[in-house]
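# Breakdown of the fold
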Amino acid sequence: MKKIVILTGAGISAESGLKTFRDSGGLWEEHRIEDVATFDGWRRNPQMVLNFYNERRKQLLTAQPNAAHKALVRLEQKFDVQIITQNVDDLHERAGSSKVLHLHGELKKVRSTVDDNLVYELNGWELKMGDKCEKGSQLRPHIVWFGEPVPMISLAAKFAEQADIFIVIGTSLNVYPAAGLIEYVPDSASMFLIDPNAHGLPFVKRLEIINEKAGIGTPSLVDRLLQ
Ligand code: NAD
């Protein structure tokens, strides 16, 4: 069975109503990265950080997978499909994809501030000051903040190396090390990039750019690959 590896970013969830980070109207226009997505920001003002992710979580509870998330599930009829997502939402899982690796954490989970291995599912949307892990320390969002290590990156690189087909959807490829994953894809693999604003990728030979929104470009690419 051929292996398809798919790298997704905030753009795939945009049509589900979740804002991207860098587009106009995106999250970084309203919030400073240093305040809400770094450990220093958490140390300075944990309440502000909790509010930011509580708001994201509240939004996620009402969001639904869109045509792009759903189309990727169909690929499993014929291919071994591995999704690597930079997204912290759970829309791939809710659409029904069976293998999803989260590079940057998961919004619906929280973890201990003294032991990274203590990760919990959060009930509902709200994490509060005073909510503690079993070792008595404050819980934080289970998110990889800027400047923190990305524990899943070596596994993701292994998957990229095994790809017969590699598909990139809705990412500006600005955030490293995730963006560097394309360098692990073998030269023999075909690569597709679905993003209305994509221009090209340096050093990638067999690349097809599909300048469409994910909700349009993904189902039609999936149809082609299944034919
Ligand atoms: P980004 O905001 O840097 O880039 C988004 C990309 O999506 C852009 O290239 C844009 O052209 C494209 N895009 C916009 N609308 C689209 C659509 N309808 N269809 C296809 N593409 C579309 O996001 P990024 O590259 O994922 O990196 C930013 C970081 O933000 C990631 O680490 C991610 O964890 C985090 N993030 C996650 C979510 C989420 O979980 N849904 C939302 C916002 C940000």
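Keep in mind that what you see is a predicted model, and the values were worked out from it rather than measured.

## Regarding the overall build of the chain
Helix and strand counts for the chain stand at eight helices and nine strands. Taken against the 2.2 N^0.38 rule, which gives 17 Å for 227 residues, the C-alpha radius of gyration of the chain at 18 Å falls within 12% of a compact globule. Principal axes of the C-alpha set define a box for the chain whose edges measure 55 × 35 × 30 Å. The buried share among the 227 residues of the chain stands at 51%. For the chain, the proportion of contacts with a sequence separation of at least 24, taken over those separated by at least 6, is 63%. Entry remark: accessible area of the chain is about 11,100 Å², with carbon and sulfur atoms responsible for 51%. The averaged location of the 29 negative side-chain charges in the chain is 2 Å from the averaged location of its 27 positive side-chain charges.

## Concerning the domain arrangement of the chain
In terms of domains, the chain is made up of domain 1 (1-18 + 65-104 + 150-227) and domain 2 (19-62 + 110-143). Once you take the C-alpha centre of each, domain 1 and domain 2 turn out to be 25 Å apart. Contacts between domain 1 and domain 2 engage 15 residues on the former and nine residues on the latter. Here domain 1 and domain 2 share an interface that buries about 790 Å² over both sides, 61% of which is from carbon and sulfur atoms. The interface formed by domain 1 and domain 2 holds zero salt bridges in total. Our count for the contact surface shared by domain 1 and domain 2 stands at one residue pair in polar contact (both at pLDDT 80 or more). The residue makeup of the side of domain 1 that touches domain 2, split by class, is six nonpolar, six polar and three charged.

## A few points about the packing of aromatic side chains
Counting across every chain of the model gives three aromatic pairs. Considering the side-chain rings of W42 and W145, the 5.9 Å spacing of their centres and the 40° angle between planes classify their relative orientation as tilted. One end of the pair, W42, is in helix α3 (residues 39-44); the other, W145, is in the loop between β6 (139-143) and α7 (153-161), with 103 residues separating them in the sequence. Judged by relative accessible area, which is 7%, W42 ranks as buried. Each ring, one from F52 and one from Y53, has its centre 4.9 Å from the other, and the planes form 90°; the classification is edge-to-face. Taken as a pair, F52 and Y53 share a single burial class, namely buried. By the ring-pair criterion, three or more aromatic residues cluster together here, those being W42, F52, Y53 and W145. One cation-aromatic arrangement involves R56 over F52; the distance from NZ or CZ to the ring centre is 4.6 Å. The ring of W125 is capped by K58, whose NZ or CZ atom sits 4.4 Å from the centre of that ring.

## A look at the environment of E212
Position of E212 among the secondary structure elements: in the loop between β9 (207-210) and α8 (214-226). Classification of E212 by relative accessible area gives partly exposed; the value is 35%. Through-space distance from the C-alpha of E212 to that of G170 is 9.8 Å; in sequence the pair is 42 residues apart. With residues up to four places along the chain from it excluded, the contact list for E212 reads I194, D195, P196 and G217.

Cut-off values and rules
The numbering scheme is per chain: residues are counted from 1 as the chain's sequence reads. Thresholds applied to this predicted model are a pLDDT of at least 70 for local features of residues and 80 or more for the giving and counting of side-chain atom pairs; totals over whole chains, interfaces and linings are not thresholded and use all residues. To get the side-chain values, take all heavy atoms of the structure and skip hydrogens and water. Secondary structure elements follow DSSP: runs of H or I no shorter than four residues count as helices, runs of E no shorter than two count as strands, and numbering proceeds from the N terminus. Each radius of gyration reported is based on C-alpha atoms, and the globular scaling rule is 2.2 Å times the count of residues to the power 0.38. Under the scheme applied here, a residue whose accessible area is under 20% of the maximum for its type counts as buried, over 50% as exposed, and between as partly exposed, the area being computed with a 1.4 Å probe on protein chains only. Working rule for contacts: check all heavy atoms of both residues, and any pair within 4.5 Å makes them a contact. Shrake-Rupley sampling with a 1.4 Å probe provides the accessible areas, and residues are treated as covered by the protein chains on show and by no other component. All tallies of charge rest on Lys and Arg as positive and Asp and Glu as negative; His and the ends of each chain are not included. Lysine's charge is taken at NZ, arginine's at CZ, aspartate's at CG and glutamate's at CD. Bear in mind that the domain bounds are from an automatic or database domain assignment. Put simply, buried area is how much 1.4 Å-probe accessible surface two parts lose in total, over both of them, once they are put together. Salt bridge criterion: a side-chain nitrogen from Lys or Arg within 4 Å of a carboxyl oxygen from Asp or Glu. Polar contacts, as counted here, are pairs of nitrogen or oxygen atoms within 3.5 Å of one another; within protein the pair requires one atom able to donate a hydrogen and one able to accept it, and residues that are adjacent in sequence qualify only if both atoms are side-chain atoms. Throughout, the ten residues Ala, Val, Leu, Ile, Met, Phe, Trp, Tyr, Cys and Pro are labelled nonpolar, Asp, Glu, Lys and Arg are labelled charged, and all others, Gly among them, are labelled polar. Here is the rule: rings of Phe, Tyr and Trp (six-membered ring for Trp) pair when centre to centre is within 6.5 Å. Planes less than 30 degrees apart are stacked, more than 60 are edge-to-face, and the remainder are tilted. A ring is considered to have a charge above it if a Lys NZ or an Arg CZ atom is located within 6 Å of its centre and within 35 degrees of its normal.

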